Structure formats: C-alpha cells, structure tokens
Amino acid sequence: MPIPPCEGGSGRLYRPSAATNLPRVILLTGATGNVGSQVLRRLTARGERVRVLVRDPRRLGNERVRVQIALGDLSDPASFRNALRGVETVIHLAAAIRDQPRASMEELNGVATFRLVRAAERARTKRFVFFSAIGASLHSRARFFRAKALAERAVEESDLQTTVFSPSIIYSPDDPWVTLLRRLSLLPALPIAGPGRARYQPIWSGDVADCVIAELDRPPSNGARRRFDLAGPETLTYDDIARVALRAWGRQPRLLHVPLPAVRLALDAVEALARGKAFATWEEAELMEIPMTTARGSADAESLGIQPLRMRAVLADG
C-alpha cells in the first residue's frame, strides 16, 4: 500500500525517504477534536514544529498552513510510518466513541493505539503522551472504556517515556455535546437520559490543553512513566451539569428524565435510519450513566500549574 505524502506548512507536498534528515517534530493525532484543536493552537503559537495525522486537512482551518500534514487516520496503520519520521514526541488524542464505517470502536481505540505505539518504538520516538479516561477498565460495561483500557495497557507496557492523562468529562462551549444540550434547552422540558445521578468532575478543554503543554515542558527522562487524573474543581451529577448550563444560558426549562429502555429504543431507531450520522448513539448515551470521578479532584491539574475553571464560568463566557 503506498504511503500518503506529508504536506508542509507552506503548502508544499513532500515525500520523505528513510534517508531524509528531518528536524525533530511533535506528532499530534486528533488535532481537529475538542482538546486537539486547543493543543494545536498552543503548540503553533509557541513556534513548535507540529505534524498532524488527519484524513481531511480542511478541518484544520487556519492552522492548516502552520503545520506539516500527514494524510491518514487510525484505521490506516500504513500511514503511521510516514507520520512518525523524525518525530520526538507523539501526542495521541484521537479516539472514537462510536463504530465507524471502516473500523469498530475497539479497533480505533485499542488496536490502533497498540500499532501506533509499536510504530513509534520502531521510529525511535522518545515520548508518547496518551489520553485515556477516568473509569477506563477492562471490566467496564461500556465498550469505549474497555477499549481505552486496552490502549492504556499498550502505552504503559511500551519502551517509551510515557504520560497518560485520564480525564473526566471534557467540555467546551461549542463542542457537540454542549451544543446539543443548548439546543434541547429551548424545549419546554430538557430531556435527560435516565435518572441523571451519575457523578462527574467536568473539566474545560482549554484547561486540559494547558495541562498537556505544561507536561511537555517538563524535562524528558528515559523510561519515565507519569500519570495524571484530570478533573475540574466541582463534582456534579448529570442533573447538576444541566442546571449549571441552563443558568449560564439564562434558561429555565424543567428537567424531564426519560427511562433508559426508552432512550435506547429511540436512539437505536435513529441510528438505523441515519446510517452512521445519528446525532447520538445508545453507547454514547450510556456513558452518561457511568461515574467519572477521582478522589484527587483537581490536584493533578494543579500539580502542573493549572487551576481548572468552574463550568458555569466557562459556559457563561462562551
């Protein structure tokens, strides 16, 4: 299979060979996502040499001209070899919370991470930064958490210097989840899947990105293993999160709890009709029934010099 070319920040296409003497760069996956876009802006603002692994460069927006672009995605392990040439640090943020046409959730999260780690070892990359999730476990009822646990194991068993970030719910004012919540808040009653009692410690994507940058600034250490639970300063139930958002937006619909069997039936029907383009799936909704908290609270973020903001302050400003 031919390896797709990389595109430089000037818009030039180049095809590096094994003998090419490339400057050391940072490889970022998930650069168009909630956290990845924030990390990318911070890296380019600092003048870092960044290469991004993306399927559609247009989604990078204005950052497209500031980075090197390696065409590919997690379902295409052949693209890893080209993307990793000359890379010193990998920041692996890309993840999937639903099955994709070309690969399952387990392949995109677990198997792809294993392959990326092995490719990074062969490319003599020094550092691998990975995003897992609070609650990731091989015994979780959620496929996403089980897949993340498999990926986490692959990272921690590697020969690289590794950092694992395990966040609670990450949000931003314009992310798909908050956007959907804002739209639903226009209804007389805001639908909540299930009883809404699962507890979280939501953290803003900007604070998460700042944690990544702070970790990158630490001196490298061969074979080091570091881990951080990233959580915001508040412990909130799903109902609490909805109320915080409603107050920030100045809206007052009542909360309507929809029984989980009815939610699953409705979302399964929507997914079947939408054919992969549903606004939400049952497996995504199920994640909102699984607590994501750490006894450490925001201590790990604070150890990196970051004081996470409260959710109401972020949403009010957004």
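Criteria and thresholds
Residues numbered from 1 in each chain as written. Predicted model: local features only at pLDDT ≥ 70, side-chain atom pairs only at ≥ 80, totals over all residues. Heavy atoms only, no water. Helix = DSSP H or I, 4+ residues; strand = E, 2+ residues; numbered from the N terminus. Rg over C-alpha atoms; globule rule 2.2 N^0.38 Å. Buried < 20%, exposed > 50% of the residue type's maximum accessible area, 1.4 Å probe, protein only. Contact = heavy atoms within 4.5 Å. Areas by Shrake-Rupley, 256 points an atom, 1.4 Å probe, with all protein chains shown as cover. Lys, Arg positive; Asp, Glu negative; His and termini not counted. Charge placed at Lys NZ, Arg CZ, Asp CG, Glu CD. Core = buried A, V, L, I, M, F, W, Y, C linked by side-chain atoms within 4.5 Å. Polar contact = N/O pair within 3.5 Å; in protein donor to acceptor, adjacent residues only side chain to side chain.

1. Let's talk about the overall build of the protein chain
- Each helix and strand in the protein chain was counted, giving eleven helices and 15 strands.
- Taking 20 Å as the expected radius of gyration for a compact globule of 318 residues, we find that the protein chain reaches 20 Å, a close match to that expectation.
- Buried positions account for 53% of the 318 residues belonging to the protein chain.
- Here the contacts in the protein chain between residues at least 6 apart in sequence split such that 76% fall between residues at least 24 apart.
- Total accessible area computed for the protein chain in this model is approximately 15300 Å², and 51% of it derives from carbon and sulfur atoms.
- Seen as two clouds, the 46 positive and the 34 negative side-chain charges of the protein chain have centres 4 Å apart.

2. With respect to the nonpolar core
- Membership of the largest hydrophobic core comes to 32 residues, with the highest contact counts inside it found for L28, V39, V52, I91, F165 and L230.
- Among the secondary structure elements, those contributing two or more residues to this core are β3 (25–29), α1 (36–45), β4 (50–54), β7 (127–131), α6 (205–216) and β13 (225–230).
- Dropping the residues within four chain positions of it, V52 is found in contact with L27, L28, A31, L40, L60, V67, Q68, I69 and A70.
- The next biggest cluster of nonpolar side chains, apart from the first, holds 30 residues, and it includes F144, A242, L287 and M311.

3. Quick word on the environment of N34
- Checked against the element boundaries, N34 lands in the loop between β3 and α1.
- Through-space distance from the C-alpha of N34 to that of S205 is 6.5 Å; in sequence the pair is 171 residues apart.
- When residues no more than four places from it in sequence are discounted, the contact partners of N34 are I170, Y171, S172, D175 and S205.
- At a separation of 2.8 Å, a polar atom in the side chain of N34 contacts the side chain of S172.
- Here the side chain of N34 touches S205 through a polar contact of 3.5 Å, side chain to side chain.

Everything listed is a geometric property; what it means functionally is a separate question.
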